[in-house]
Amino acid sequence: MSGSALAVNWADEHVPAILQGWYPGAEGRRAMAEILFGDRCPEGKLPVTFYHSSEELPDFADYHMKGRTYRYMEQEALYPFGYGLSYTDFTYENVCSDSAVLSKEGITLGATVKNTGKVAGGETVQVYVKICGDGTPGSGILPNVQLKGICKLHLAPGEAKEAVIHLPAEAFGL
């Protein structure tokens, strides 16, 4: 349990899974025990990036975004923003959009998500957007990707549901 990303390289190499509890509150210990004993299925996604080491990060006194967070990292993360494990498996099919062209109202994306595992679980469907620059000198550093939408689905084993996420036109700007 902690309040930020930690150095977990040893655990990554020697244990099959890591349960990060953050600041779990009064019922947090009970919730963590239920996950550890298999009474609940873990379904959280990381809200931060876990780096391989602090040497990958820019100097602490450098406040530029280059090299920081999942949006501006130049190397592969140990555990990236949005990563998470579960006791079950999910597949995505029929990924689609309501339009091939972005309009001023935005765009609606959809997918069929199916629980292909043996236990009930929750899946957080995540939509990331990559903004492409025009290559103009001085246009600045553009983020790799940005999380712009989520949809939470709870599925029984074998169950499938539609995930629908609307992104307004503003989701495609900086």
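Everything discussed here concerns the structure shown above.
In this report, we go over the structure that sits alongside the text.

What counts as what
Residues numbered from 1 in each chain as written. Predicted model: local features only at pLDDT ≥ 70, side-chain atom pairs only at ≥ 80, totals over all residues. Heavy atoms only, no water. Core = buried A, V, L, I, M, F, W, Y, C linked by side-chain atoms within 4.5 Å. Buried < 20%, exposed > 50% of the residue type's maximum accessible area, 1.4 Å probe, protein only. Helix = DSSP H or I, 4+ residues; strand = E, 2+ residues; numbered from the N terminus. Contact = heavy atoms within 4.5 Å. Polar contact = N/O pair within 3.5 Å; in protein donor to acceptor, adjacent residues only side chain to side chain.

**Overview of the nonpolar core**
And then number 1: Of all hydrophobic cores here, the largest spans 14 residues; its most connected members are V113, V125, C151, L153, A163, I165 and L167.
And then number 2: Put simply, the parts of the chain that give this core at least two residues each are strand 2 (107-115), strand 3 (121-129), strand 4 (146-155) and strand 5 (160-167).
And then number 3: Other than its neighbours up to four places away in sequence, L153 contacts V113, G121, G122, E123, V125, K161, E162 and A163.
And then number 4: With five residues, the next largest nonpolar core counts V8, L46, L78 and Y79 among its residues.

**Notes on the side chain of Q20**
And then number 1: Tracing the sequence through the fold places Q20 in the loop between helix 1 (9-14) and helix 2 (28-36).
And then number 2: Within the local environment of Q20, its side chain forms a polar contact with the side chain of S2, the two groups lying 2.9 Å apart.
And then number 3: Of note is the side chain of Q20, whose polar atom sits 3.2 Å from the backbone nitrogen of W22.
And then number 4: Not counting chain neighbours up to four residues away, the residues in contact with Q20 comprise M1, S2, S4, L6 and F50.

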